[in-house]
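In case you want the letters, here they are:
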Amino acid sequence: MSEHVAPLIVVLPLATAYSILLFCPKYWRYAQRASLICTGLLVVLTCILAMQVNVRGSVIYHFGNWSPPWGIEFLIDRISAFFLVMVSAISFVVILFANGLLYKEIKERVLGQYYALFLILLASLLGIASSNDLFNVFVFLEISSVSAAALVAVNGNKLALEASVKYLVLSTLGSGSLLLAIANIYMVTGYLNLTFIAEALPQAYALYPLNVLATLGLFVVGLTVKSALYPMHIWLPDAHGSAPTSSSAVLSALVVKVYIIVFLKLIFRVFTLEFVSQVPLQFVLLLMSALAILLGSLLAIRQTDIKKMLAYSTVAQIGYIFMGVGLLTYNGLLGAVLHILNHAIMKAMLFLSAGLLIKLTGKRDIRSLAGVGRIYPLPMIAFSLGSLAMVGIPPLNGFISKWYLSLGALEAGLPIYVLVILVSSFLNGLYYLPIVISAFFGQSTEPTYKPLPIPIGASIALICLCIATIFFGLFSGIPTQYLDPALENWFQL
Amino acid sequence: MRDLIIRVISRFMIPFIQVYGAYIVLYGHLSPGGGFAGGTVIASSIILYILAYGLLSEEKRIPEHFTRVVESAGALFYVFVGLLGVLLGTRFLGNSVAGFPLGIPGRLSSGGTIFLLTFAIGMKVASTMITLFSHLIDEEREEG
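Description of the structure in this document.

### With respect to the environment of A:Gly57
Residue and element names in this part refer to chain A. Structurally, Gly 57 is set in the loop between helix H2 (28–56) and strand E1 (59–62). A residue is classified by how much of its surface remains accessible, and Gly 57, at 30% relative accessible area, is partly exposed. Sequence separation between Gly 57 and Gly 371 is 314 residues, and the spatial gap between their C-alpha atoms is 52 Å.

The structure is reproduced here in structure tokens:
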């Protein structure tokens, strides 16, 4: 039975989603329980999968026993397994949070459908990370774009609809260029399976150098649009800022990251380091990510809406991850992959606590949060912890990824990027810390009132994320050691 | 909308369209086409019926909860057929390796589970198309 875990992690959320639509679109309390159980099971399954990968190496699954290049193949290596565990754990926490709060945020009529959509999105994320077949990656990417856009629009208000359409149009642009790239690579190599493409690519490059280069360019454009690297980020702040709390958390923490996982697979497994260092990809990625880090932070300082500010901060953090990839060194990449995890924890925590505060106080403006920390300590403590981790204060997890990114920059002989990281940390402090300080020490302009009760699920979710932030700061060796063999393989150390 | 010619012609056409759609779905494993194409053809006949007879009010159309049930059931049926492969001791979506009889090539009863899978896709696509169309009509009616 244990060999069937790989397809089950995609089939389970899909089946649960359609069961919700079939049996209880109206009875959303059952939908809540079903999705909580489903994501809980997924955490267990992905952990089993990660153990299998750790003991026996990459898990390979051929659907219907058809062997590649014709059959559909799932290949779960260490990076994918790491990402799968992260996705299912974060979505479990987000569902736990949503069960306490979501019914106050969106119309009751669509609640059941919201959970179904959430699970379909989850299935597509898990599918993208485990699929070893470019066409299946594309299909799952499309599912994720459409369901993510729907999760933004679910509020039904004007802002959310506009943001959702913008998101849909731009992510279709990204899908288009990805499809062109996949068609191109199929044309020159004759394969869609990543392992086979990797073998056939050197020969194809000798025959059709321009096509292969164009393919690489199209992949970079498509995936950076979808993961919102700086000049292509314009859809992100609106979409993540206007979505319901649990959607923003999962979009910012997971959805933009999955495209980076695809990017890593393509760059390091298919095109290989040797090929990539011959083309000016490093220069382009580093330039774009440095711009993302600095301008994302500067734009975040200007925001007064707390969720918009967090969304711009995501733009900056995506820059960090792409910078780690673009450095093309062992430590840089380790920093990038760790930052995928750390940023997911921090940003989920920030979005959830901000959403909770917005719901409790009814205000979105950061200037009106003075004194809130004394009325609602738990969400504000979570927010502060997330802020400190974002700035990179040592015992918290944000510090670890910044440390490895800086080491990677030094290893690549580009110390200027250490400076970028430092400046951006100051900028992070500039927009996060005033909120924290005024929330705890500022004077509220309003008369003191009796605080509303915080839903129990929301409290548990926030406490879990707080513990994770500290845990991965103190015990960063756990993910590092897990990832080490995969990265060593890519860099042939 | 209440044009006599359109109504008579579509009354004549709709059965043929539906038979053609069913043919594309059922012969999906033998000839070009399959669940998606056939499902769309079947749905288009229903859409034609709604338009030609002006059945724009909600109570006269196929009820939305019915199309939604068919849609989800189609998807779940696909998953179930896939899981049969696992239950019979091979991989997810296993076909002849899981022991499904392949039959004589070219016959309608050949191809093992592919017939069931195209049928599930046909169900899902046809009902999704109808649901989408109903939503578009409702939106138009709400606006003006």
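Back to the write-up after that little detour.
### Looking at the side chain of A:Thr314
With respect to the secondary-structure elements, A:Thr314 resides in helix H12 (residues 306–326). Setting aside residues no more than four positions away along its own chain, A:Thr314 makes contact with A:Leu236, A:Ser252, A:His343, A:Lys347 and A:Phe351.

### Side note on the packing of helix H13 (residues 330–361) of chain A against helix H15 (residues 377–391) of chain A
Residues and elements named next belong to chain A. Contact geometry of H13 with H15 gives a least axis separation of 9 Å together with a crossing angle of 145°. Seen along the crossing, H13 lies across H15 with a hand that is left-handed. Contacts between H13 and H15 involve His 343, Met 346, Lys 347, Met 349, Leu 350, Ser 353, Ala 354, Leu 356 and Leu 357 from the first element and Pro 379, Met 380, Ala 382, Phe 383, Leu 385, Gly 386, Ser 387, Ala 389 and Met 390 from the second. Taken together, the residues of the contact of H13 with H15 sort by class into 13 nonpolar, four polar and one charged.

### Quick word on a negative patch on the surface
There is a patch of like negative charges on the surface, built from B:Glu58, B:Glu59, B:Glu139, B:Glu140 and B:Glu142. The residue B:Glu58 is located in the loop between helix H2 (35–52) and helix H3 (64–87) in this model.

### Topic: a nonpolar patch on the surface
Residue and element names in this part refer to chain A. The grouping of Ile 463, Ile 467, Ile 470, Phe 471, Leu 474, Phe 475 and Ile 478 at the surface amounts to a nonpolar patch, some 640 Å² of accessible area in total. A total of five residues in the nonpolar patch trace back to one element, the largest contributor, which is helix H18 (residues 456–474). By the element assignment, Leu 474 lies in helix H18.

### Focus: the packing of helix H5 (residues 134–153) of chain A against helix H10 (residues 245–276) of chain A
Residues and elements named next belong to chain A. Packing of H5 against H10 brings their axes to within 11 Å, and their N-to-C directions diverge by 165°. Considered as vectors, H5 and H10 are oriented roughly antiparallel to each other. At the point where H5 passes H10, the crossing takes the left-handed sense. Between H5 and H10, the residues in contact are Leu 134, Val 137, Leu 141, Ser 144, Ser 145, Ala 148, Leu 151 and Val 152 and Ser 247, Leu 251, Val 255, Tyr 259, Val 262 and Leu 266, respectively. Across the contact of H5 with H10, the residue classes break down as eleven nonpolar, three polar and no charged.

Cut-off values and rules
- Residues numbered from 1 in each chain as written.
- Chains lettered and ligands numbered in written order.
- Predicted model: local features only at pLDDT ≥ 70, side-chain atom pairs only at ≥ 80, totals over all residues.
- Heavy atoms only, no water.
- Helix = DSSP H or I, 4+ residues; strand = E, 2+ residues; numbered from the N terminus.
- Buried < 20%, exposed > 50% of the residue type's maximum accessible area, 1.4 Å probe, protein only.
- Contact = heavy atoms within 4.5 Å.
- Axes fitted to C-alpha atoms, helices over the stretch in contact; angles between N-to-C directions.
- Left-handed = near helix turned anticlockwise from the far one by under 90°.
- Nonpolar A, V, L, I, M, F, W, Y, C, P; charged D, E, K, R; others polar.
- Patch = residues over 30% accessible without salt bridge, like charges linked within 9 Å, V, L, I, M, F, W, Y side chains within 5 Å.
- Areas by Shrake-Rupley, 256 points an atom, 1.4 Å probe, with all protein chains shown as cover.
- Salt bridge = Lys/Arg side-chain N within 4 Å of Asp/Glu carboxyl O.
- Lys, Arg positive; Asp, Glu negative; His and termini not counted.
- Charge placed at Lys NZ, Arg CZ, Asp CG, Glu CD.
- Parallel < 35°, antiparallel > 145°, perpendicular 65-115°, else oblique.

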